[in-house]
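Each chain, letter by letter, is given below.
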Amino acid sequence: MEKEIEKLKKMIEESNNIVFFGGAGVSTESGIPDFRSKDGLYNQKYKYPPEEILSHTFFMHNTKEFYKFYREKMNSLKYEPNITHIKLAELEQKGKVKAIITQNIDGLHQKVGSKNVFELHGSVLRNYCMKCNKFYDGKFIFDNKDEIPTCECGGIIKPDVVLYEEGLDDKTIRNSIEAIYNADLLIVAGTSLTVYPASGLINYFRGRNLVLINKDQTTFDNKADLVINQGLGKVFKEIV
Ligand code: CNA
């Protein structure tokens, strides 16, 4: 592991256009469970499978049940950024990291000061009325005592989160592809790379080094120049 981290440090030193592509594993050390680890949400028992609850159809037809799960499991306001978020923000400040592309919806990269963050799956911190489009912040949704949060116009409020069956935002995808295409070092971390189309974006990488950091193996490991099967905190605390 030491040798691998030394290798990563050297790659970071030699690179001036790093892009970080992350998933739920980036925030597990903040206390937010991921989906597919053994203690992730998909391995816990609910009345409905989480994939079903987090779908557009379920939101439209079982809004009350959706919000019950969503408030219990998706409230990132309670959590703080960890060492990985912090180090990435520092690397951006130094001009090394040019973009963070995240599948996370928790807003923790921005909370610690990262600026160029592309949120492929949206954010729990943004919510809009489905009727008049009025904006509501995360606190409004998570602190709301109503079973279904409703706008002053009477419309139902929906999180700006990409649910299953919904498409990704075009501009976010274009920006992400451009960032990945121009990167000389792509660090892919804390993602099982099983959610499409997000995971397909890393195929646009043309740069020198592709690094994969994940506790478990992924199907992309054989494409990488360096694979580190380790917790992210352990790795990033070594990165200056
Ligand atoms: P996933 O499928 O749950 O995979 C997470 C991966 O991270 C797994 O392969 C784990 O082995 C790995 N992992 C977990 N903890 C660590 C760690 N400390 N260090 C290194 N690796 C670790 O999650 P993906 O992001 O791949 O799937 C995409 C979904 C998950 C997106 O739609 C997200 O919106 C969704 N999600 C987001 C959050 C969040 O915003 N924090 C939480 C849970 C799920």
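Coordinates for the structure precede this section.
What counts as what
Residues numbered from 1 in each chain as written. Predicted model: local features only at pLDDT ≥ 70, side-chain atom pairs only at ≥ 80, totals over all residues. Heavy atoms only, no water. Helix = DSSP H or I, 4+ residues; strand = E, 2+ residues; numbered from the N terminus. Rg over C-alpha atoms; globule rule 2.2 N^0.38 Å. Buried < 20%, exposed > 50% of the residue type's maximum accessible area, 1.4 Å probe, protein only. Contact = heavy atoms within 4.5 Å. Areas by Shrake-Rupley, 256 points an atom, 1.4 Å probe, with all protein chains shown as cover. Lys, Arg positive; Asp, Glu negative; His and termini not counted. Charge placed at Lys NZ, Arg CZ, Asp CG, Glu CD. Near = heavy atom within 4 Å. Polar contact = N/O pair within 3.5 Å; in protein donor to acceptor, adjacent residues only side chain to side chain. Nonpolar A, V, L, I, M, F, W, Y, C, P; charged D, E, K, R; others polar. Salt bridge = Lys/Arg side-chain N within 4 Å of Asp/Glu carboxyl O. Pairing = 2+ DSSP bridges. Axes fitted to C-alpha atoms, helices over the stretch in contact; angles between N-to-C directions.

S.K.: Looking at this structure, how should I read the overall build of the chain?
M.R.: Counting its secondary structure elements, the chain contains nine helices and nine strands. For 240 residues, the compact-globule estimate of 2.2 N^0.38 gives 18 Å, and the C-alpha radius of gyration of the chain, at 18 Å, lies within 12% of that figure. Once the C-alpha set of the chain is aligned to its principal axes, its extents read approximately 55 × 35 × 30 Å. The proportion of buried residues among the 240 residues of the chain is 51%. Residue pairs in contact within the chain that sit at least 24 positions apart in sequence constitute 64% of those at least 6 positions apart. Accessible surface, the chain: about 12100 Å² in total, of which carbon and sulfur atoms supply 49%. Charge separation in the chain, taken as the distance between the mean sites of 33 positive and 33 negative side-chain charges, equals 1 Å.

S.K.: Is there a simple way to explain the site of the ligand in this structure?
M.R.: Neighbouring the ligand are 28 residues, the closest being Glu29, Arg36, His121, Ser192 and Asp216. Between Ala24 and the ligand, the recorded distance is 2.8 Å, taken from a backbone N or O atom to an oxygen atom. Phe35 is positioned with one of its backbone polar atoms (N or O) 2.7 Å from an oxygen atom of the ligand. Its residues placed into classes, the shell around the ligand shows eight nonpolar, 14 polar and six charged.

S.K.: How should the pattern of salt bridges be read in this particular structure?
M.R.: Side chains bearing opposite charge may pair, as long as their charged atoms lie close to each other. Summed over the entire model, instances satisfying the criterion amount to 13 salt bridges. With a shortest N-O distance of 3.1 Å, Glu14 and Lys10 are connected by a salt bridge. Of the two residues, Glu14 and Lys10 are both situated in helix 1 (residues 2-14); the distance of four residues between them amounts to about one turn of the helix. For Glu166, the salt bridge is made with Lys158, and the minimal N-O distance between the two is 3.1 Å.

S.K.: What's the story with the sheet that holds strand 5 (residues 135-137) in this structure? I'm lost.
M.R.: Backbone hydrogen bonds hold the strands of a sheet together, and the pairing may be parallel or antiparallel. An order of 5-4-6 is seen for the three strands of this open sheet, with the pairing classed as antiparallel. The open sheet has two free edges, formed respectively by strand 5 and strand 6 (157-161), since each of these has just one partner strand. On average, each strand axis in the sheet is tilted by 35° relative to the strand beside it, whichever way the strands run. For strand 4 (residues 122-129) and strand 5, the ladder comprises three bridges, and the chain directions are antiparallel. Across the sheet, residue Tyr128 finds its bridge partner in strand 5, namely Phe135.

S.K.: What's the story with unusual backbone geometry in this structure? I'm lost.
M.R.: Of all residues except glycine, most have a negative phi; of all peptide bonds, most are trans. Looking along the chain, the bond that leaves Tyr196 and enters Pro197 is cis, with omega of 5°. Here Pro197 shows up in the loop between strand 7 (185-189) and strand 8 (209-213). Residue Glu165 is not a glycine yet carries a positive backbone phi of 85°.

S.K.: Before we go on, may I ask you to explain the side chain of Asp34 in this structure?
M.R.: Mapped onto the fold, Asp34 is located in the loop between strand 1 (18-22) and helix 2 (50-53). Here Asp34 occupies a buried position and makes no salt bridge, while the nearest side chain of opposite charge, Lys215, is found at 7.2 Å. There is a polar contact of 2.4 Å between the side chain of Asp34 and the side chain of Ser37. Look past the residues within four positions of Asp34 in its chain and what remains in contact with it is Ala24, Gly25, Thr28, Gly40 and Leu41.

S.K.: Would you explain the sheet that holds strand 3 (residues 117-119) in this entry?
M.R.: On the basis of which strands lie adjacent, the open sheet formed by six strands has the order 3-2-1-7-8-9 and parallel pairing. The open sheet has two free edges, formed respectively by strand 3 and strand 9 (226-228), since each of these has just one partner strand. Across the sheet, the mean angle from the axis of one strand to that of its neighbour is 15°, orientation sign disregarded. Sheet contacts for helix 8 (residues 170-182): strand 1, strand 2 (97-102), strand 3 and strand 7; angle to strand 3, the most-contacted strand, approximately 130°.

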